[in-house]
Amino acid sequence: MSASDNAAAKLHPETRLVHAGTMRSQFGETSEALFLTQGHVYDSAEQCEARFLNKDPGFQYARFSNPTVSMLEGRMAAFESAEACRATATGMAAVTAAVMAPLRAGDHVVAARALFGSCRYIVEDHLPRYGVESTLVDGTDIEAWRKAVRPNTKVFFLETPSNPTLEVIDIEAVAKIAKAAGARLVVDNVFATPLFQRPLELGADLVVYSATKHIDGQGRCLGGLVVGSKELIEGDIQTFLRQTGPAISPFNAWVMLKALETLPLRIAKQAENATKVADWLAAHAKPSKVIFCGHKSHPQAEIIARQMSGPSTLIAFEVPGGKDAAYRLLNACRLIRISNNLGDAKSLIVHPATTTHQRFTPEVRADMGVTDGMIRLSIGLEHAEDLIADLEQALARV
């Protein structure tokens, strides 16, 4: 079963996540095989040449492709109803490839200002070193995207919901502006997960994931994914990855491949837990603000209703008293652990202003909505009542 099979396209997403992309060896294994090899041998010098000319199907070298990695890519493409996918060593490798691959000196990028720290570094600090200009805009202001367009604009980039403020951007509206400008729209879909948001169906050209997060979902391996059309993926994306080398380990790809089988079950339960915890936090007297994509009070609730089918697993909330109060809460948690990761089976909590967004000035953080009292909470698979009890005793310290 591959992403191009008509039969696969008719199957439900949960079924695709179990079966799509599978290739079996001559041994007929049930579970997908782990091909832990650097290279491959050829029947003849002529076949070797044909492989490098892409005239003979098959594998050459693990930096280019690998059977286990190809199964992961095929399964993810099928799940997204996309034509193609490429896996990378990390989520940031996926972002870097998707954004940088089509760019040349003299080009221009427009990006939402509310980005994960490393993503914003690529746009704001890294690209200008190579003669690529960038403009950061308020992603929720559609007119700002239109006004930022220049004749040399080649890429639009956004993440929605954003890290850590859960700001939601109208993908379809931004996609129309990008298309009119002849620019490629890249959407980081990590927080929404592929279960709850389908950027390609809303007009995005490429979707990127840190598979390290919900897709692995158990704190084991690093990985990234770029999903899109065959033309884009097999064009400059594949060339960029092949020549620069951010290849995912076959072992990591195998872990991600197996994790996809349980993704719907895990995310559904985490989202259910997150809803219960967010509702409890919103009713509590201590938090001064609770941001959750499942609440009608969310500033972009109308957009969420149109483009997301679920609330995801993240909650952002603020406590009065700034950094000191936030630290007291984090240090008081007994079950929920302090970690900058997210999307894990274990619930994780972090203070963004001093971790994921610490390199920014207080003024920039304020512009992004990252306050000293903001806390990001990633909800796991524990019982919701246990999580609430842990937060209740921790909030008593604030």
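Overview of the structure. (Residues numbered from 1 in each chain as written. Predicted model: local features only at pLDDT ≥ 70, side-chain atom pairs only at ≥ 80, totals over all residues. Heavy atoms only, no water.)

1. Quick notes on the pairing of strand β9 (residues 314–318)
The criterion, for reference: Remark: exposure states derive from per-residue accessible area (1.4 Å probe, protein chains only) relative to the maximum for the residue type, with buried under 20%, exposed over 50%, and partly exposed in between. By the criteria applied, helices consist of DSSP H or I runs no shorter than four residues and strands consist of E runs no shorter than two, each listed in order from the N terminus. One bridge is not enough; two strands pair if DSSP finds at least two bridges between them.
Within β9, five of the five residues are buried, which leaves the element mostly enclosed by the surrounding structure. Residue alternation in β9 divides its side chains into two sets, Leu314, Ala316 and Glu318 and Ile315 and Phe317, and both sets are buried. Two strands pair when backbone bridges link them, and strand β8 (residues 289–291) and β9 are joined in this way by three bridges, in the antiparallel orientation. When the bridges of β9 are listed, Val290 appears paired with Phe317. Examined bridge by bridge, β9 and strand β12 (residues 374–378) share five bridges and lie antiparallel to one another. The residue bridging Phe317 from the neighbouring strand is Ile375, located in β12.

2. Overview of the side chain of Thr153
The criterion, for reference: Pairing of N or O atoms within 3.5 Å defines a polar contact, subject to two protein rules: one partner must be a possible hydrogen donor and the other a possible acceptor, and residues neighboring in sequence count only if both atoms are side-chain atoms. We call two residues in contact when some of their heavy atoms are within 4.5 Å.
Structurally, Thr153 can be placed in strand β4 (residues 153–159). Since its relative accessible area comes to 1%, Thr153 is described here as buried. In this structure the side chain of Thr153 is engaged in a polar contact, spanning 2.7 Å, whose partner is the side chain of His108. Polar side-chain contacts of Thr153 include one of 2.8 Å to the backbone nitrogen of Arg150. Sequence-distant contacts of Thr153, that is, excluding residues within four places in its chain, are made with His108, Val110, Ala148, Ala181, Gly182 and Ala183.

3. Things to note about the pattern of salt bridges
The cut-off we apply is this: Definition used for salt bridges: Asp or Glu carboxyl oxygen within 4 Å of a side-chain nitrogen of Lys or Arg.
Enumeration according to the criterion identifies 20 salt bridges in this entry. The shortest N-O distance in the salt bridge between Asp56 and Arg51 comes to 2.6 Å. On the basis of relative accessible area, Arg51 is assigned to the buried category, the value being 12%. Lys289 is the salt-bridge partner of Glu318, the closest N and O atoms lying 4.0 Å from each other. Here Glu318 is found in strand β9, whereas its partner Lys289 is found in strand β8, with 29 residues between them in sequence. Judged by relative accessible area, which is 40%, Lys289 ranks as partly exposed. Several salt bridges converge on common partners, so that one network encompasses Glu32, Arg75, Lys258 and Glu261.

4. Thoughts on the packing of helix α5 (residues 91–100) against helix α10 (residues 230–244)
Packed helices, taken two at a time, are described by the angle their axes make and the gap between the axes. What counts is decided by this rule: Convention adopted: a line fitted to C-alpha atoms gives each axis, helices being fitted over their contacting stretch, and angles between N-to-C directions are expressed from 0 to 180 degrees. Orientation categories follow fixed angle ranges, with anything under 35 degrees roughly parallel, anything over 145 roughly antiparallel, 65 to 115 roughly perpendicular, and all other angles oblique. Note on convention: near helix rotated counterclockwise from far helix by under a right angle means a left-handed crossing. Clockwise means right-handed. Classes in brief: Ala, Val, Leu, Ile, Met, Phe, Trp, Tyr, Cys and Pro nonpolar; Asp, Glu, Lys and Arg charged; the others, Gly included, polar.
Where α5 contacts α10, the axes come no closer than 9 Å and their chain directions differ by 130°. Considering the angle they form, α5 stands oblique to α10. Crossing of α5 over α10 shows right-handed handedness. Taken together, the residues of α10 that come into contact with α5 (itself represented by Thr96, Ala97, Ala98 and Met100) are Ile237, Phe240 and Leu241. Partitioning the contact of α5 with α10 into residue classes produces six nonpolar, one polar and no charged.

5. A word on the side chain of Glu73
What counts is decided by this rule: Counted as positive: Lys and Arg. Counted as negative: Asp and Glu. His and the chain ends are not counted at all.
Position of Glu73 relative to the elements: it lies in helix α4 (residues 67–79). One buried charged residue, Glu73, forms no salt bridge at all, with the nearest opposite charge on Arg86 at 4.1 Å. Each residue touching Glu73, except ones within four places of it in the same chain, is listed here: Cys85, Arg86 and Ala87.

6. Overview of the packing of helix α12 (residues 263–283) against helix α16 (residues 384–395)
One way to put it is that α12 packs onto α16 with a least axis distance of 9 Å and a crossing angle of 30°. The angle between α12 and α16 places the two elements in the roughly parallel class. Judged by the sense of rotation from one axis to the other, the crossing of α12 with α16 is right-handed. Each of Asn273, Lys276, Val277, Trp280 and Leu281 in α12 lies in contact with α16, whose residues at this interface are Ala384, Leu387, Ile388, Leu391, Glu392 and Leu395.

7. Examining the sheet that holds strand β1 (residues 84–88)
Spatially, seven strands are ordered β1-β7-β6-β5-β4-β2-β3 in an open sheet, and the strand pairing comes out mixed. Among the strands making up the open sheet, the edge pair consists of β1 and β3 (133–137). Across the sheet, the axes of successive neighbouring strands diverge by a mean angle of 20°, strand direction being ignored. Across five bridges, the pairing between strand β2 (residues 108–112) and β3 is parallel. Paired with His108 across the strands is Glu133, a residue of β3. On top of the sheet, helix α6 (residues 117–126) reaches β2, β3, β4 and β5 (184–188); it is set at about 130° to β3, its chief contact.

8. Description of α6
Among the residues of α6, Gly117, Cys119, Arg120, Ile122, Val123 and His126 are the ones counted as buried. Looking at the buried residues of α6, the elements they touch are α5, β2, β3, β4, β5 and α15 (362–368).

9. Considerations on the sheet that holds strand β10 (residues 337–338)
Spatially, β8-β9-β12-β11-β10 is the arrangement adopted by the five strands of the open sheet, whose pairing is mixed. Each edge of the open sheet carries a strand with a single partner, namely β8 and β10. Contacts from α12 reach β8, β9 and β12, with the element oriented near 15° to β9.

10. Remarks on unusual backbone geometry
Pro161 follows Thr160 through a cis peptide bond whose omega is -10°. Checked against the element boundaries, Pro161 lands in the loop between β4 and α8 (171–181). Put simply, Asn163 and Pro164 share a cis peptide bond, and its omega is 5°. The topology assignment puts Pro164 in the loop between β4 and α8. For Ser81, which is not glycine, the phi torsion reads 55° and is therefore positive. Mapped onto the fold, Ser81 is located in the loop between α4 and β1. Positive phi outside glycine occurs at Ser312, with the angle close to 70°.

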